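Fold and geometry: a report
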Amino acid sequence: MAQGTFSIWRGEHGTGSFHEFATEVSEGMVVLDAVHQIQAKDAPDLAVRWNCKAGKCGSCSAEINGKPRLMCMTRMSDLDLTKPVTIEPMQAFPHVRDLVTNVSWNYRVKKKIRPFTPRAPDAPDGTWRMDQPDVDRVQEFRKCIECFLCQDVCHVLRDHHLHDEFIGPRYLVYSAALEMHPLDTLDRREELRKSQGVGYCNITKCCTTVCPESIAITDNAIIPLKERVMDHAFDPVVKLVGLLSGKIAGP
């Protein structure tokens, strides 16, 4: 059994400092186990959000050694215990206390995106028919557990704080799932371009790197979505067809 040192952020509403704690680390432990041991023995008032401890609820998001990760999915055996393991709250959202942040902004953003609106059923039994490749394409996006690690690592939100202008990679994925759904009838491309900031994304793939569900956020969602939006807005042939059909207003 080894001894590990943990430098954990303590404080409220953005102010505070790192406090060091030592605890025993045994085989099979994850970072959340160590945090719970520290709570039990040394810091009973340490605030930390968690729920399932199985990598499916997305509650225990934090930054471990500077990288956004789920504490319950970060194994101690993968970390260098010769130096302190730093644990701090996500940086893209308002700090509440210790390791807890207020992520409610994300839910407000989701409410602004027009929901799935399917066409009328096309089968006699009142159901729909879809090709399997179309189903598979959007199914990947449904794996999201809303841990918001992709939002946290995104420089547009983390460094530039453009929360009023950019919905972030999580909701670009959500929008892509709607826009690529073969049954959906709405066109959200103008909203994505004008009010939801899809153009801010410069496809660094940092969001894909931190996704615990291994969703190809950049390649499979954001890039195809940006292509759709830009073709709709700037392709002269598309604009001409739109003008002739009355779907796009003239200058």
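Here, the structure is the one placed above.
Residues numbered from 1 in each chain as written. Predicted model: local features only at pLDDT ≥ 70, side-chain atom pairs only at ≥ 80, totals over all residues. Heavy atoms only, no water.

1. Structural notes on the nonpolar core
As a reminder of what qualifies: Residues grouped as a nonpolar core are buried Ala, Val, Leu, Ile, Met, Phe, Trp, Tyr and Cys residues, joined through side-chain atoms within 4.5 Å. Think of it in three bands: residues with accessible area under 20% of the maximum for their type are buried, residues over 50% are exposed, and the middle band is partly exposed, with areas taken using a 1.4 Å probe on protein chains only. Here a helix means four or more residues in a row that DSSP labels H or I, a strand means two or more in a row labelled E, and each is numbered from the N terminus.
Of all hydrophobic cores here, the largest spans 65 residues; its most connected members are Phe-6, Met-71 and Ile-87. It is helix H6 (residues 168–179) that provides the largest number of residues to this core, a total of 7 residues.

2. Describing unusual backbone geometry
Despite not being glycine, Asn-65 has its phi angle at roughly 50 degrees, a positive value. Position of Asn-65 among the secondary structure elements: in the loop between strand S3 (61–64) and strand S4 (67–70). Non-glycine residue Ser-214 carries a positive phi angle of around 55 degrees. As for its position among the elements, Ser-214 is in the loop between helix H8 (206–210) and helix H9 (217–234). On the basis of relative accessibility, which here comes to 61%, the residue Ser-214 falls in the exposed class.

3. With respect to the packing of aromatic side chains
When we look at a pair of aromatic rings, we describe it by the centre distance and by the angle of the planes. What counts here: Aromatic contacts are taken between Phe, Tyr and Trp rings whose centres are within 6.5 Å, Trp giving its six-membered ring; a plane angle under 30 degrees counts as stacked, one over 60 as edge-to-face, and the others as tilted. Throughout this description, the term charge over a ring refers to an Arg CZ or Lys NZ atom that lies within 6 Å of the ring centre and within 35 degrees of the ring normal.
Per the stated rule, a full pass over the model turns up 6 aromatic pairs. For the ring pair Phe-93 and Trp-105, a centre distance of 6.4 Å and an interplane angle of 40 degrees mean the geometry is tilted. Pair noted here: Phe-93 is in the loop between strand S5 (85–88) and strand S6 (95–97) and Trp-105 is in helix H2 (residues 104–112), with a separation of 12 residues, a long-range link. A relative accessible area of 11% means that Trp-105 is categorised as buried. In this structure an aromatic cluster arises from ring pairing among Phe-93, Trp-105, Tyr-107 and Phe-148. The aromatic ring of Tyr-174 is capped on one face by Lys-110, whose charged end is 5.0 Å from the ring centroid.

4. A look at H9
Think of an α-helix as 3.6 residues a turn; residues three or four steps apart then line up on the same face. Inclusion rule: By definition here, a helix of n residues has an expected span of 1.5 Å times n minus one.
Taking 1.5 Å as the rise per residue, H9 with 18 residues should run 26 Å; its terminal C-alpha atoms sit 24 Å apart, in good agreement. Turning to H9, its buried residues are Ile-217, Thr-218, Ala-221, Ile-222, Pro-224, Leu-225, Lys-226, Val-229, His-232 and Ala-233.

5. A short note on the packing of H2 against H6
The condition that has to hold: Helix axes are fitted only over the stretch in contact, all axes being lines through C-alpha atoms; the angle between N-to-C directions runs from 0 to 180 degrees. For classification purposes, angles smaller than 35 degrees are called roughly parallel, those larger than 145 roughly antiparallel, those between 65 and 115 roughly perpendicular, and all remaining angles oblique. Handedness of a helix crossing follows the sense of rotation of the near helix relative to the far helix, less than a right angle counterclockwise being left-handed and clockwise being right-handed. In what follows, residue pairs with any heavy atoms lying within 4.5 Å of each other are defined as contacts. Only Asp, Glu, Lys and Arg are considered charged, only Ala, Val, Leu, Ile, Met, Phe, Trp, Tyr, Cys and Pro nonpolar, and every remaining residue, Gly among them, polar.
The geometry of H2 relative to H6 is characterised by a closest axis approach of 11 Å and an angle of 30 degrees between their N-to-C directions. When the axes of H2 and H6 are compared, the pair comes out roughly parallel. The two elements H2 and H6 meet at a crossing, and its hand is right-handed. Of the residues in H6, those in contact with Asn-106, Tyr-107, Val-109 and Lys-110 of H2 are Arg-170, Tyr-171 and Tyr-174. Partitioning the contact of H2 with H6 into residue classes produces 4 nonpolar, 1 polar and 2 charged.

6. Thoughts on the pattern of salt bridges
Filter applied, for reference: Here, a salt bridge means any side-chain nitrogen of Lys or Arg that lies within 4 Å of a carboxyl oxygen of Asp or Glu.
Going through the model one piece at a time under the given rule, you end up with 19 salt bridges. For Arg-114, the salt bridge goes to Glu-191, with nearest N and O atoms at 2.5 Å. One end of the pair, Arg-114, is in the loop between H2 and helix H3 (132–139); the other, Glu-191, is in helix H7 (residues 189–194), and 77 residues separate them in sequence. In this structure, Asp-219 and Lys-205 form a salt bridge, with 3.2 Å as the shortest nitrogen-oxygen distance. Taken together, the residues span a long stretch of sequence, with Asp-219 in helix H9 and Lys-205 in the loop between H7 and H8 at a distance of 14 residues. Owing to a relative accessible area of 39%, Asp-219 belongs among the partly exposed residues under this scheme. Each of the salt bridges in this network shares a partner with another, and the network as a whole consists of Arg-10, Asp-45, Arg-97 and Asp-98.

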